[in-house]
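# Report on the structure
So the chains spell out like this:
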Amino acid sequence: AHTPDAPAGGAHSAGSGTGAVHETTVGSSGHDGASVPVPPSHHGHDLERWPLRNAITLGALEGAVPSARVHVRQLLWEWGHEELGQDAGVVVSELVTNAVMASAKLRPAVAPVWVWLGSDTRCMLVAVADASPRPPVRLSLGPDAERGRGLALVEAFSSRWGWQPTTVAGLVKVVWAEWRLPSRTSQRPATAQPGRCHAV
């Protein structure tokens, strides 16, 4: 994987094979301001007030993984945080892969996978929700294990991650990962800790 050159046009829904349903966007990414549902309250943050928010709904199909990865990396480029593109690409790939696999039991119906990205200029949050009640489990694996490292990668490539139930229509749980954005000033709040986002 590599960081793409400046993409042409705005972020868009994924193409065929992903079961893409719709996308809604708020913020300075060149789209009409549409209402974007948000994940549940996140560590005291009012996500409804975050200036940059985007959500896309995909089907729980194999093509959802690369579509979500490209979508998130393009949004980060549009929002001026392309330095997070590679790490966020790994994280969203793993989260969407887990969501697709967890939703496999729900077939023959194609379950939805909902990808949300937002920022309040200090924190970047990605959340992936699905219709499966199976909670994510981080496995302790030996060095020779070939599978099951997804959440270990999420942990390694983000500041922190977690999961919780969600009330977004048609979805059951949301798994999230966040990044602390570089400070734009020389001072940092006294309560700040490296790699953590805090309530205002």
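So, a few notes on the structure that sits alongside this text. (Residues numbered from 1 in each chain as written. Predicted model: local features only at pLDDT ≥ 70, side-chain atom pairs only at ≥ 80, totals over all residues. Heavy atoms only, no water.)

## Some words on the overall build of the chain
- Looking only at helices and strands, the chain features three helices and six strands.
- For the chain, the α and β elements follow one another from N to C terminus as β-β-α-α-β-β-α-β-β.
- Taking all contacts inside the chain whose residues are at least 6 apart in sequence as the whole, residues at least 24 apart take part in 66%. (Helix = DSSP H or I, 4+ residues; strand = E, 2+ residues; numbered from the N terminus. Contact = heavy atoms within 4.5 Å.)

## Here we look at the pattern of salt bridges
- Applying the stated criterion across every chain, the model contains two salt bridges.
- Among the ionic pairs, K173 bridges to D130, the shortest N-O distance being 2.8 Å. With K173 in strand β6 (residues 173-180) and D130 in strand β4 (residues 123-130), the pair connects residues that are 43 residues apart, well separated along the chain.
- For the salt bridge of E178 with R160, the shortest nitrogen-to-oxygen distance reads 2.4 Å. Pair noted here: E178 is in strand β6 and R160 is in strand β5 (residues 160-165), with a separation of 18 residues, a long-range link. Accessibility classification places E178 together with R160 in one group, the buried group. (Salt bridge = Lys/Arg side-chain N within 4 Å of Asp/Glu carboxyl O. Buried < 20%, exposed > 50% of the residue type's maximum accessible area, 1.4 Å probe, protein only.)

## Description of the packing of aromatic side chains
- Evaluation of the coordinates by the stated rule reveals one aromatic pair.
- Here W50 and W116 contribute two aromatic rings whose centre-to-centre distance is 6.1 Å and whose plane-to-plane angle is 45 degrees, an arrangement assigned as tilted. Of this pair, W50 sits in the loop between β1 (22-26) and β2 (52-59) while W116 sits in strand β3 (residues 112-119), and the two are 66 residues apart along the sequence. The same class applies to W50 as to W116, namely buried. (Phe/Tyr/Trp six-rings, centres within 6.5 Å; stacked < 30°, edge-to-face > 60°.)

## Thoughts on the nonpolar core
- If you look at the biggest cluster of nonpolar residues, it comprises 34 residues, and the most contacted ones within it are V96 and V115.
- At the level of secondary structure, the elements contributing two or more residues to this core comprise β2, α1 (64-78), α2 (85-102), β3, β4, α3 (150-157) and β6.
- With seven residues, α2 is the single largest residue contributor to this core.
- Beyond its immediate chain neighbours, meaning those up to four positions away, V96 contacts A64, V65, A68, V113, V115 and V128.
- Counting 13 residues, the second-largest nonpolar core is a separate cluster that includes W50, C123, V174 and W176. (Core = buried A, V, L, I, M, F, W, Y, C linked by side-chain atoms within 4.5 Å.)

## Observations concerning the pairing of β2
- Counted residue by residue, β2 has eight buried out of eight residues, so it is predominantly covered.
- In β2, alternate side chains face the same way, and those of L52, N54, I56 and L58 on one face and R53, A55, T57 and G59 on the other are all buried.

## Digging into the packing of α2 against α3
- Contact geometry of α2 with α3 gives a least axis separation of 9 Å together with a crossing angle of 150 degrees. Between α2 and α3, the angle is such that the two are roughly antiparallel. For the element pair α2 and α3, the recorded crossing hand is left-handed. Residue-level inspection shows D87, V90, V91, E94, L95 and N98 of α2 in contact with α3, the latter providing G150, L151, L153, V154 and F157.
- In the contact of α2 with α3, the residues fall into seven nonpolar, two polar and two charged. (Axes fitted to C-alpha atoms, helices over the stretch in contact; angles between N-to-C directions. Parallel < 35°, antiparallel > 145°, perpendicular 65-115°, else oblique. Left-handed = near helix turned anticlockwise from the far one by under 90°. Nonpolar A, V, L, I, M, F, W, Y, C, P; charged D, E, K, R; others polar.)

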